[in-house]
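# Structure at a glance
Each chain, letter by letter, is given below.
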Amino acid sequence: AQTVTQSQPEMSVQEAETVTLSCTYDTSESNYYLFWYKQPPSRQMILVIRQEAYKQQNATENRFSVNFQKAAKSFSLKISDSQLGDTAMYFCALKAAGNKLTFGGGTRVLVKP
Amino acid sequence: GAGVSQSPSNKVTEKGKDVELRCDPISGHTALYWYRQRLGQGLEFLIYFQGNSAPDKSGLPSDRFSAERTGESVSTLTIQRTQQEDSAVYLCASSLRVNTEAFFGQGTRLTVV
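## Things to note about the overall build of chain B
- In terms of regular secondary structure, chain B is built from zero helices and eleven strands.
- Walking chain B from its N terminus toward its C terminus, one meets helices and strands in the order β-β-β-β-β-β-β-β-β-β-β.
- The C-alpha radius of gyration computed for chain B amounts to 13 Å, which stays within 12% of the reference 13 Å derived for 113 residues, consistent with globular compactness.
- Projected onto the principal axes, the alpha-carbon positions of chain B cover approximately 40 × 25 × 25 Å.
- Residues classed as buried in chain B amount to 48% of the 113 residues present.
- Carbon and sulfur atoms make up 45% of the accessible area of chain B, which amounts to about 5200 Å² in all.

## Describing the environment of Cys92 of chain B
Residues and elements named next belong to chain B.
- Within the element layout of this structure, Cys92 appears in strand β9 (residues 88-95).
- Between the alpha carbons of Cys92 and Ser75 there is a distance of 9.1 Å; along the sequence they are 17 residues apart.
- The residues touching Cys92, leaving out its near neighbours within four places in the chain, are Val4, Gln6, Cys23, Leu32, Tyr33, Trp34, Phe103, Phe104 and Gly105.

## Some remarks on the sheet that holds strand β8 (residues 75-79) of chain B
All names here are of chain B.
- Across the sheet, four strands lie side by side as β1-β3-β8-β7; this open sheet has antiparallel pairing. Each having just a single partner strand, β1 (5-7) and β7 (65-69) make up the two edges of the open sheet. In this sheet, neighbouring strand axes are inclined to one another by 15° on average, regardless of whether the strands run parallel or antiparallel.
- Pairing between β7 and β8: five bridges, direction antiparallel. Bridge assignment links Glu68 to a residue of β8, and that residue is Thr76.

## Comments concerning the interface of chain B and chain A
- On the chain A side, the residues contacting the 30 residues of chain B number 22 residues.
- Note on chain B versus chain A: buried area summed over both sides is about 2000 Å², and carbon and sulfur give 48% of it.
- It is Val98, Phe104 and Gln106 of chain B that lose the most area in chain B upon contact with chain A, and together they represent 27% of the buried surface on that side.
- Summed over the shared surface of chain B and chain A, the number is one salt bridge.
- The closest approach of N and O atoms between Lys100 of chain A and Asp56 of chain B, which form a salt bridge, is 2.4 Å.
- The tally of links from chain B across to chain A stands at 13 residue pairs in polar contact (both at pLDDT 80 or more).
- Elements with a minimum of two residues in the side of chain B that touches chain A: β4 (31-37), β5 (44-50), β9, β10 (102-104) and β11 (108-112) of chain B.

## Looking at the pattern of salt bridges
- Applying the stated criterion across every chain yields a total of ten salt bridges over all chains.
- Members of the salt-bridge network, linked through shared partners, are Arg50, Glu52 and Lys55 of chain A.

## Things to note about the nonpolar core
- In terms of nonpolar packing, the biggest core is built from 26 residues, with Tyr25, Tyr32, Trp36, Phe75, Leu77 and Tyr90 of chain A touching the most fellow members.
- Every element with two or more residues in this core is listed here: β3 (19-21), β5 (33-39), β6 (46-52), β8 (64-69), β9 (74-79), β10 (88-95) and β12 (107-112) of chain A.
- Looking at which element gives the most residues to this core, the answer is β10 of chain A, with four residues.
- Listed in part, the 20 residues of the second largest apolar core include Tyr33, Phe45, Tyr48 and Ala93 of chain B.

## A closer look at the state of the cysteines
- For the coordinates displayed, the defined rule picks out two disulfides over all chains.
- Note that Cys23 of chain A is cross-linked by a disulfide to Cys92 of chain A, the S-S spacing being 2.0 Å. One disulfide, between Cys23 of chain A and Cys92 of chain A, carries an S-S torsion of -70° and so falls in the left-handed class. Note that Cys23 of chain A is positioned in the loop between β3 and β4 (24-26) and Cys92 of chain A in strand β10, a separation of 69 residues in sequence. Across the pair, exposure class does not vary: Cys23 of chain A and Cys92 of chain A are buried alike.
- There is a disulfide in this structure between Cys23 of chain B and Cys92 of chain B, and the S-S distance comes to 1.9 Å. Taking the sign of the S-S torsion, -65° for the link of Cys23 of chain B and Cys92 of chain B, the bridge is left-handed. Here Cys23 of chain B is found in strand β3 (residues 19-24), whereas its partner Cys92 of chain B is found in strand β9, with 69 residues between them in sequence.

Calculation criteria
Residues numbered from 1 in each chain as written. Chains lettered and ligands numbered in written order. Predicted model: local features only at pLDDT ≥ 70, side-chain atom pairs only at ≥ 80, totals over all residues. Heavy atoms only, no water. Helix = DSSP H or I, 4+ residues; strand = E, 2+ residues; numbered from the N terminus. Rg over C-alpha atoms; globule rule 2.2 N^0.38 Å. Buried < 20%, exposed > 50% of the residue type's maximum accessible area, 1.4 Å probe, protein only. Areas by Shrake-Rupley, 256 points an atom, 1.4 Å probe, with all protein chains shown as cover. Contact = heavy atoms within 4.5 Å. Pairing = 2+ DSSP bridges. Axes fitted to C-alpha atoms, helices over the stretch in contact; angles between N-to-C directions. Buried area = accessible area lost by both parts, 1.4 Å probe. Salt bridge = Lys/Arg side-chain N within 4 Å of Asp/Glu carboxyl O. Polar contact = N/O pair within 3.5 Å; in protein donor to acceptor, adjacent residues only side chain to side chain. Core = buried A, V, L, I, M, F, W, Y, C linked by side-chain atoms within 4.5 Å. Disulfide = S-S within 2.5 Å.

Okay, here's the thing in structure tokens:
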């Protein structure tokens, strides 16, 4: 079985500041992939960043970066220089053998002006 | 089409009626996923298909829910004898391989009155 846990239901951050979202996961697979998705009020799910478990280097996409700690099964997302458009729900997700995709419960991020 | 297409966008139905929700995945995507999202909540896994078979149906809430996929393409989620607690957004996603992201449709908002 694979599980994903996001322990922070809501986070708020001032514009231009940095916020970090937590995610822990569990899987018995050795080869898997991790993702962060963003869901703005429009409801459309958008991929933010992805990480291959076999890569030690943390993924980075512009203002978004991850801290991947494989031994601890932790995959946190850091949003730097937060912008008003970053206000959304953020979901951590795990994909492993068989292509099953499992999501965490989500963290609501509010960027304040 | 270029993306995942879901129809209808919105559906209002009377309690006790049956509904069918349709998902057209991106052409060539072998995996197809169904999730339910209640207002302000996370993604609740329902079922996923790898090709035309469903390795995991564990998320289907009751025997009123069923899904099928034909020709490694279109999928239909059927809810029989709808109840008010079935009201939610139903999201569909598709993915090419285990190491690739899943792309989401816009969802079907189901309201049972």
